[in-house]
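The chain contents come next:
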Number of protein chains: 2
Amino acid sequence: MKALLLVLDGVGDRPIKELGYRTPLEVANTPNLDRIAELGINGILDPISPGIRAGSDTAHLALLGYDPYEIYTGRGPFEAAGIGLKLERNDIALRCNFATIDENGIVIDRRAGRISEGTEKLAKALNNIKLSKAKIIFKESVAHRAVLILRSKNEKLSYRVSDSDPHEVGKPILKVKPLENSPEAEMTANLLNEFTEKAIEVLKEHEVNKKREKEGKLPANAILMRGAGVTPNLKPFKLSSACIATTGIIKGICKLAGMDIIPAKKEYKVRFKQALEVLEKKEFLLMNIKEPDEAGHDGDFRKKIEIIEKIDESLDEIPEFAKDNYVIILGDHSTPVSVRDHTGDSVPVVICGPEVRVDTVREFNERSCAKGGLNRIKGRDVMPILLDLMNKSEKFGA
Amino acid sequence: MKALLLVLDGVGDRPIKELGYRTPLEVANTPNLDRIAELGINGILDPISPGIRAGSDTAHLALLGYDPYEIYTGRGPFEAAGIGLKLERNDIALRCNFATIDENGIVIDRRAGRISEGTEKLAKALNNIKLSKAKIIFKESVAHRAVLILRSKNEKLSYRVSDSDPHEVGKPILKVKPLENSPEAEMTANLLNEFTEKAIEVLKEHEVNKKREKEGKLPANAILMRGAGVTPNLKPFKLSSACIATTGIIKGICKLAGMDIIPAKKEYKVRFKQALEVLEKKEFLLMNIKEPDEAGHDGDFRKKIEIIEKIDESLDEIPEFAKDNYVIILGDHSTPVSVRDHTGDSVPVVICGPEVRVDTVREFNERSCAKGGLNRIKGRDVMPILLDLMNKSEKFGA
């Protein structure tokens with residue numbers, strides 16, 4: 001018996017005036033999702049708890065059965081794991097952006113013109129930076145994204161430091177500050193500020209940037225840092241498992257949980273074929289589809305509807321698969337187009353498979369699912385429910 | 001964007017035989033509450049968790065986002081704050097009653113004939129009492145109510161002591177006992193027993209009581225104490241806020257949360273006008289209406305229905321207000337007329353405002369709301385849900 005957990009990232013939404021106060025999921029034509037709702041047991045789910053705005057990282061940790069309040073310190077270590085970096089116990093990892101600052105140090109582009117080439121060379125140069133009291137490891141990820149690791153054998157570091165990323169253009173790079181009154185946090189903040197300055201020196205003269213400027217492109221002449229964290233000690237996931245995802249942070253979480261990371265195919269239809277193939281060998285597969293969240297962040301309800309319909313089209317083999325296996329489909333959080341960011345609204349969830357108590361819900365969306373047999377559950381309930389249905393649970397008590 | 005949290009104190013009830021097994025909320029004619037239910041998202045709410053009998057104090061703490069299990073020690077400090085007393089860290093505060101005992105020390109009236117005049121003078125006399133190892137501050141509140149504070153610079157005191165109030169007539173005043181095996185609790189209990197004895201001496205001779213006896217009224221010749229507690233360190237409330245309430249303990253909680261306390265107008269209709277006026281300057285207003293709870297304690301379902309209908313009549317401006325703002329209406333707990341006390345039954349809740357996922361509920365009562373889109377939430381979920389809707393939340397994770 002196998003299980004597929006399909007996360008439609010940010011799919012939950014709020015009623016939209018232009019849609020007659022319906023949500024994109026309510027408006028979208030989704031025969032396959034509705035069929036799965038009809039065959040399954042439905043409900044609404046709070047990724048963390050009602051009203052709490054979850055990140056994709058904390059939500060996925062909860063969905064995989066971990067307690068984010070216990071293990072989550074920042075996104076850095078998951079980003080690091082997502083690009084194959086191995087963290088040691090005392091390491092501090094941060095998510096970085098290659099960015100562009102002007103001659104006065106003001107951030108004019110947080111993504112260095114969405115740089116797509118040459119970041120490997122820039123990262124190599126940055127790796128030569130020597131800090132006073134720690135070693136650095138800097139590695140590029142996709143496009144403008146990168147990861148910085150701070151490592152020290154002698155000094156204790158702390159993740160309790162603020163971001164240098166001002167999170168908007170027109171502002172200078174922020175000084176990293178300690179978020180607690182400890183020598184470790186103070187030292188870590190100082191080291192990161194030292195890195196920021198030295199990185200600007202290194203990048204200024206770099207051939208990649210000289211070439212970009214010649215071509216009229218924005219140079220990647222600064223590094224913005226955020227999400228400092230230490231690597232959590234995740235209890236290995238209970239099932240033989242794999243992950244198909246496109247975002248580094250989700251891949252990183254799954255990797256730290258001991259799952260295989262399978263490179264995602266582009267077309268949804270192909271990706272689901274790939275998923276069913278992987279599930280011939282693995283007991284569990286998490287597939288994250290990022291695009292509904294992106295449409296939410298863009299505030300584009302038409303695009304969100306379109307993407308939902310496109311995903312739906314690729315689900316035609318799922319009802320058959322769910323005859324002998326389990327399928328769970330849910331959002332990891334809501335990203336309403338009116339808010340353009342994650343909110344604390346619950347998300348719809350359906351569990352489909354041989355032994356669920358099928359309810360009367362016939363449509364997969366926020367309000368139909370709220371009338372389903374699961375009522376209201378939390379992100380951290382998903383794994384216990386699934387393991388129980390798969391008969392992989394141990395009894396608590398006698 | 002503003003928010004009104006309307007607490008109908010003790011409004012929840014159980015099916016009543018005389019009402020054809022319906023509840024007062026189900027029987028009452030409530031066009032405005034029903035309209036708000038129709039415009040909003042509904043559910044049932046457990047103030048603490050299912051089946052737990054909440055006090056008004058613990059319930060309101062939870063509704064304001066605090067964890068009563070963490071911060072609640074007794075009602076004393078909230079009563080103290082409600083009448084403007086400032087507590088210090090080591091202070092122990094207790095809710096007191098002026099009461100009447102007979103010559104054998106038996107309590108014959110727990111409220112001293114509902115004394116309404118002269119308590120200020122009695123309190124002044126009581127403040128002259130010197131205890132062996134602590135200072136006292138005694139202050140009268142409304143009618144028979146009062147607060148005692150025990151303060152010591154040198155001795156550590158403990159709130160872990162029992163009540164002296166026997167909670168029924170025909171019994172002697174109870175000896176206060178330590179509730180834990182510690183020298184602090186033992187000493188605090190001794191000091192409170194010392195106060196009880198000295199108070200009887202002071203009150204016996206007091207002119208106010210001599211006058212009462214001449215007039216054939218019961219003398220306020222003893223003090224009953226209950227609800228010892230230390231003042232909690234409440235994190236300041238996130239929104240600029242105010243409270244309109246008539247009971248000291250609710251005012252005390254709101255005061256400790258940093259909210260402005262607005263004296264409540266008598267007529268509900270005037271009180272709601274007052275609320276909307278206050279909300280022109282504040283982001284959040286909590287209004288507590290105590291009367292449904294009182295009808296429940298009195299076991300009077302007719303009165304409960306009547307009060308609910310009277311409240312409903314004053315809500316006609318709420319639907320308009322909720323077009324651009326949020327309104328939450330709920331009970332803080334159930335006070336079924338059959339039990340004449342708080343029970344652990346859930347209460348109905350409705351959230352009305354511009355971006356909620358409006359459901360199909362059309363009546364505001366215990367059983368209709370149970371079919372709503374919120375399903376079942378807890379008291380502590382209310383603030384996160386509201387702050388999320390008002391876009392005042394921070395993301396947990398990335």
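Given the structure is predicted, the values throughout are model-derived calculations rather than measurements.

A. Inspection of the overall build of chain A at higher detail. The number of helices and strands found in chain A is 15 helices and 13 strands. Summarising its shape, the C-alpha atoms of chain A cover approximately 65 × 55 × 40 Å along the three principal directions. Per-residue burial over chain A gives 60% buried out of 398 residues. Within chain A, contacts between residues separated by at least 24 positions form 72% of all contacts whose residues are at least 6 apart in sequence. Counting only carbon and sulfur atoms, one obtains 46% of the accessible surface of chain A, whose full area is about 17,600 Å².

B. A look at the environment of A:S334. With respect to the secondary-structure elements, A:S334 resides in the loop between β11 (326-330) and β12 (347-352). Along the sequence, A:S334 and A:G12 sit 322 residues apart, while their C-alpha atoms lie 3.9 Å from each other. Look past the residues within four positions of A:S334 in its chain and what remains in contact with it is A:G10, A:G12, A:D13, A:D341, A:H342, A:T343, A:D345, A:S346, A:V347 and B:R357. Looking at A:S334, its side chain comes within polar contact range of the main-chain oxygen of A:S346, at 3.2 Å. Separated by 3.2 Å, the side chains of A:S334 and B:R357 make a polar contact.

C. Looking closely at the nonpolar core. Residue and element names in this part refer to chain A. If you look at the biggest cluster of nonpolar residues, it comprises 45 residues, and the most contacted ones within it are L5, L64, F284, L286 and L330. Once you skip the residues sitting within four places of it in the chain, L330 turns out to touch L5, L6, V7, L8, L45, L63, P348, V349, F364 and V382. Judged by nonpolar contacts, the second largest core, of 41 residues, contains V11, L276, L285 and I308.

D. Layout of the pairing of strand β11 (residues 326-330) of chain B. Residues and elements named next belong to chain B. Most of β11 is tucked away: 5 of the 5 residues are buried. Side-chain alternation along β11 places Y326, I328 and L330 on one buried face and V327 and I329 on a second face that is also buried. Of the pairings in the sheet, the one linking strand β1 (residues 3-8) to β11 comprises 5 bridges and is parallel in character. Residue L6 lies in a different strand from β11, and its bridge partner there is I329. Sheet analysis places β11 next to strand β12 (residues 347-352), joined by 4 bridges and oriented antiparallel. In the strand pairing of β12, I329 is matched with V350.

E. Just the interface of chain A and chain B, in detail. Opposite the 34 residues of chain A that make contact, chain B presents 22 residues. A combined buried area of about 2,300 Å² lies between chain A and chain B, and 49% of that area is made up of carbon and sulfur atoms. Of all residues in chain A, the largest losses of buried area upon contact with chain B belong to A:R14, A:R53 and A:R376, amounting jointly to 29% of the total for that side. Linking chain A with chain B are 4 salt bridges. A salt bridge links A:R14 to B:D388, with the nearest nitrogen and oxygen atoms 3.3 Å apart. One can count 19 residue pairs in polar contact (both at pLDDT 80 or more) joining chain A with chain B. Breaking the side of chain A that touches chain B down by element, the ones donating at least two residues are α3 (56-63), α4 (68-71), α14 (366-369) and β13 (375-378) of chain A. Looking at the side of chain A that touches chain B element by element, the count peaks at 3 residues for α3(A). Taken together, the residues of the side of chain A that touches chain B sort by class into 11 nonpolar, 12 polar and 11 charged.

F. Highlighting the side chain of A:E366. When you line up the elements, A:E366 lands in helix α14. Buried and unpaired, A:E366 has no salt bridge, with B:R357 as the nearest side chain of opposite charge at 4.5 Å. Within the structure, A:E366 has its side chain in polar contact with the side chain of A:T23 (distance 2.6 Å). Apart from residues no more than four positions distant in its own chain, A:E366 is found in contact with A:V11, A:G12, A:D13, A:T23, A:L25, A:E26, A:I44, A:P348 and B:R357.

G. The arrangement of the packing of aromatic side chains in detail. Scanning the entire structure with this criterion turns up 10 aromatic pairs over all chains. Taking the centre distance of 4.7 Å and the plane angle of 10° together, the rings of A:Y69 and B:F396 count as stacked. One end of the pair, A:Y69, is in helix α4; the other, B:F396, is in the segment after α15 (382-389), on a second chain. With a centroid separation of 5.9 Å and 25° between ring planes, the pair formed by A:F138 and A:F195 is classed as stacked. With a gap of 57 residues between them, A:F138 in strand β5 (residues 135-140) and A:F195 in helix α7 (residues 183-204) connect regions that are remote in the sequence. For the pair formed by A:F138 and A:F195, the shared burial category is buried. One aromatic cluster in this structure is built from A:Y69, A:Y72, A:F78 and B:F396.

H. The arrangement of the pattern of salt bridges in detail. Applying the stated criterion across every chain yields a total of 62 salt bridges over all chains. Ionic pairing is found between A:E215 and A:K217, a salt bridge with its closest N-O pair at 3.2 Å. Look at A:E215 and you get partly exposed, because its relative accessible area is 42%. Sharing partners across several salt bridges, the network here consists of A:R14, A:R53, A:D345, B:E355 and B:D388.

I. The relation of the copies chain A and chain B, seen in detail. The operation relating chain A to chain B is a screw motion whose rotation component is 125°, with 0.1 Å of axial translation and a residual RMSD of 0.2 Å. Seen this way, the second copy is the image of the first under a three-fold rotation axis. Of the C-alpha atoms belonging to chain A, the one lying closest to the rotation axis is found on A:N375, 3.6 Å away. Of the interface residues in chain A, just 6% have counterparts in chain B that sit at the interface too, so the contact is made through distinct surfaces.

Here is what the cut-offs are and how they apply
- Residues numbered from 1 in each chain as written.
- Chains lettered and ligands numbered in written order.
- Predicted model: local features only at pLDDT ≥ 70, side-chain atom pairs only at ≥ 80, totals over all residues.
- Heavy atoms only, no water.
- Helix = DSSP H or I, 4+ residues; strand = E, 2+ residues; numbered from the N terminus.
- Buried < 20%, exposed > 50% of the residue type's maximum accessible area, 1.4 Å probe, protein only.
- Contact = heavy atoms within 4.5 Å.
- Areas by Shrake-Rupley, 256 points an atom, 1.4 Å probe, with all protein chains shown as cover.
- Polar contact = N/O pair within 3.5 Å; in protein donor to acceptor, adjacent residues only side chain to side chain.
- Core = buried A, V, L, I, M, F, W, Y, C linked by side-chain atoms within 4.5 Å.
- Pairing = 2+ DSSP bridges.
- Buried area = accessible area lost by both parts, 1.4 Å probe.
- Salt bridge = Lys/Arg side-chain N within 4 Å of Asp/Glu carboxyl O.
- Nonpolar A, V, L, I, M, F, W, Y, C, P; charged D, E, K, R; others polar.
- Lys, Arg positive; Asp, Glu negative; His and termini not counted.
- Phe/Tyr/Trp six-rings, centres within 6.5 Å; stacked < 30°, edge-to-face > 60°.
- Least-squares fit on C-alpha atoms with pLDDT ≥ 70 in both.

By themselves these figures say nothing about function.
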